[in-house]
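The residues making up each chain are set out below.
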Amino acid sequence: MTENEDAADDPSRKLARECVTAGIRAAEPATVVAEHVSLDGTDLRVDGDRYDLSTYDDVFVVGGGNAAATAASALEDVLGERLTGGAVVTDNPVETERIDVLAGDHPVPSERGVENTRTVLETVASAGTDDLLIAIVTGGGSALLTAPTDGITLADLQKTTEELLTSGASIDEINAVRKHCSDLKGGQLAELAAPTPVLGFVFSDVVGNRLDVIASGPLTPDESTFADALEVVEGYGVDVPEVVEKRLRRGDAGEYPETPGSGDAVFESVQQYVLADGNTALRGAAEVARDAGYEPMILSSRVRGEAAEVAKALVGIAEECVATGTPLDAPAVLLSGGETTVTHDGDGVGGPNQEFALSAAIELGEDGVTVASVDTDGIDGASDAAGAVVTRDTATPASEARDVLRNHDVEGFLDARDALFVTGPTGTNVNDLRLFVVADK
């Protein structure tokens, strides 16, 4: 996207875009892996821990998610000839030498994703007790690493995923259902790997970095049950295929085993490291704001709720800065992360970050405030844009802005005002990044 001259000359808008770009770059796997992972002779060092690679016959890298290929490439740079090979599934391919980068689709799983996930599972199953598996677990892995359990087809999973994503359910609730329709999620990848040693390298797109929720927790004990999954479907009125509902009911009745939970021996050989999360991006954005002479404040990395409503609350904080200098005097940048949601059953185009931005523009009662909200993976909901950068003038005319927001069809409105922020796939995924630039009066 090319901004118009007025937008490009606006220093607040320019700073907002620079902060967001820096936040995304700070969470890129090449940056993060170099900070956390290194090779010292035969010792693999991860956040101060050491693993002597000379004690393993082979070292394989497996996994999936939006950042899986870029992380795999970064690991190749670190491990070099110590790396035997492996396979990852992603929707953002990059060139690699030793690890097979296989295609999948997000946010709705696809046939090629299912087929290529089988290759990952075959690699895991082939590893022996004298080998080492390094598993890359990133945001988007729930859709990209897809292994439907017996009796459930890809079409069933696609329908279930589509319905869940527009139901208003939180990500952990969505994943509770997906785990119980899968042969991989909810600790089942660890179960397949055991007793082979596994190092999990995690890029978190989940509030609070819950390992059981990120990519549906393939290496983590699952505390959710068939009963929990059924409660999500019933509580949100999700129209899932009959075969999915039947499986959940039969599982709740004890006819299928629950996913492996706490205390299960399959997790004894698994060690996981969160290499990047929402705070990684927030700190990167804050540094650019500080360098530009603005005082940054990270409000929270755990903001969640309905996007349009969350925007109203954060607008109030920005307006307080303008009116009273609380919690910061201008010039300031207020930052937050987390994951907001949108509940709708229509066919409008947009996403939570675009709705957050437009709602904020509608609510703003003060000039001198610029709002940016993006998904760090570069894809906001079902849109090709990562999010938007707006001011109060963006929501003009107000009646039309409110109408498109009410109908969850905001992308065209924002695009017509040069407000969309388009990155393409970024190669990382650490959830949403939002900021308010409060200019000096």
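Below: a short report on this structure. If you're wondering where the values come from, they're calculated on a predicted model, not measured in any experiment. (Residues numbered from 1 in each chain as written. Predicted model: local features only at pLDDT ≥ 70, side-chain atom pairs only at ≥ 80, totals over all residues. Heavy atoms only, no water.)

Right, let's talk about the side chain of threonine 391 for a bit. Its place among the elements puts threonine 391 in the loop between strand E13 (387-390) and helix H15 (398-406). By relative accessible area, threonine 391 is classed as buried at 17%. The contact partners of threonine 391, leaving out residues within four places of it in the chain, are Ala361, Leu364, Val369 and Thr370. (Helix = DSSP H or I, 4+ residues; strand = E, 2+ residues; numbered from the N terminus. Buried < 20%, exposed > 50% of the residue type's maximum accessible area, 1.4 Å probe, protein only. Contact = heavy atoms within 4.5 Å.)

Of all 7 residues in strand E12 (residues 369-375), 7 are buried, a share of seventy percent or more. Of the two faces of E12, both are covered, the one formed by Val369, Val371, Ser373 and Asp375 as well as the one formed by Thr370, Ala372 and Val374. The pairing of E12 with strand E15 (residues 432-438) spans 7 bridges and is classified as antiparallel. In the strand pairing of E15, aspartate 375 is matched with aspartate 432. Direction of pairing for E12 relative to E13: antiparallel, over a ladder of 4 bridges. Counted as the bridge partner of valine 374 is glycine 387 from E13. (Pairing = 2+ DSSP bridges.)

Before going further, it helps to examine the environment of threonine 161. Following the sequence through the fold, threonine 161 ends up in helix H7 (residues 154-165). Each C-alpha atom of the pair threonine 161 and valine 240 lies 8.7 Å from the other, and the pair is 79 residues apart in sequence. Other than its neighbours up to four places away in sequence, threonine 161 contacts Pro107, Val108, Pro109 and Arg178.

Summed over the entire model, instances satisfying the criterion amount to 3 aromatic pairs. Taking the centre distance of 6.3 Å and the plane angle of 70° together, the rings of phenylalanine 201 and tyrosine 273 count as edge-to-face. Residue phenylalanine 201 is located in strand E8 (residues 198-203), and its partner tyrosine 273 is located in strand E9 (residues 270-276); the two are separated by 72 residues in the primary sequence. You can call tyrosine 273 buried: its relative accessible area is 6%. For the pair phenylalanine 356 and phenylalanine 436, a centre-to-centre distance of 6.2 Å together with 75° between the ring planes defines the contact as edge-to-face. Here the residue phenylalanine 356 occupies a position in helix H14 (residues 352-363), and phenylalanine 436 occupies one in strand E15, the gap between them amounting to 80 residues. Its end group placed over the ring of tyrosine 256, arginine 247 keeps NZ or CZ at 4.3 Å from the ring centre. Over the ring of phenylalanine 356 we find arginine 434; its NZ or CZ atom is 5.4 Å from the centre of that ring. (Phe/Tyr/Trp six-rings, centres within 6.5 Å; stacked < 30°, edge-to-face > 60°. Lys NZ or Arg CZ within 6 Å of the ring centre and 35° of its normal.)

With that out of the way, let us pick up unusual backbone geometry. Residue proline 107 is bonded to the preceding histidine 106 through a cis peptide linkage, with omega at 10°. Position of proline 107 among the secondary structure elements: in the loop between strand E6 (99-103) and helix H5 (111-126). In this chain, alanine 194 is followed by proline 195 through a cis amide linkage whose omega measures 5°. As for its placement among the helices and strands, proline 195 is situated in the loop between helix H9 (188-193) and E8. Despite not being glycine, asparagine 209 has its phi angle at roughly 55°, a positive value. In this fold, asparagine 209 is placed in the loop between E8 and helix H10 (226-235). Of note, the phi angle at serine 216 is positive, near 65°, even though the residue is not glycine.

Val37, Leu44, Ile134, Phe201 and Leu435 are the most contacted members of the largest nonpolar core, which totals 52 residues. Looking at this core element by element, the count peaks at 7 residues for helix H4 (residues 68-79). Every residue in contact with leucine 435, bar those within four places of it in the chain, is listed here: Ala16, Cys19, Val20, Val333, Leu334, Leu335, Thr370, Val371 and Ala372. The next biggest cluster of nonpolar side chains, apart from the first, holds 37 residues, and it includes Ala308, Val310, Val342 and Ala360. (Core = buried A, V, L, I, M, F, W, Y, C linked by side-chain atoms within 4.5 Å.)

Moving on: the sheet that holds strand E1 (residues 37-40). Taken together, 3 strands build an open sheet; the order of strands is E1-E2-E3 and the sheet is antiparallel. Either end of the sheet is taken by a strand with one partner, and the two such strands are E1 and strand E3 (49-52). Going from strand to strand, the sheet's axes swing by 25° on average, the running direction of each strand aside. In this structure, strand E2 (residues 43-46) lies alongside E3, joined through 4 bridges in antiparallel fashion. Note on E3: the bridge partner recorded for arginine 45 is arginine 50. On the sheet, helix H3 (residues 29-36) packs against E1 and E2 and is oriented at approximately 50° with respect to E1. Lying over the sheet, H4 contacts E1 and E2, oriented at roughly 20° with respect to E1. (Axes fitted to C-alpha atoms, helices over the stretch in contact; angles between N-to-C directions.)

A few words now on the sheet that holds strand E11 (residues 332-341). Ordered in space as E10-E11-E15-E12-E13-E14, the 6 strands form an open sheet in which the pairing is mixed. Of all the strands in the sheet, just strand E10 (295-306) and strand E14 (420-421) have a single pairing partner and so form its edges. Both E13 and E14 contribute to a ladder of 2 bridges, which runs antiparallel. Bridging from a neighbouring strand, glycine 387 pairs with phenylalanine 421 of E14. Along the sheet, helix H2 (residues 11-26) contacts E11, E12, E13, E14 and E15; its crossing angle with E15, the most-contacted strand, is approximately 150°.

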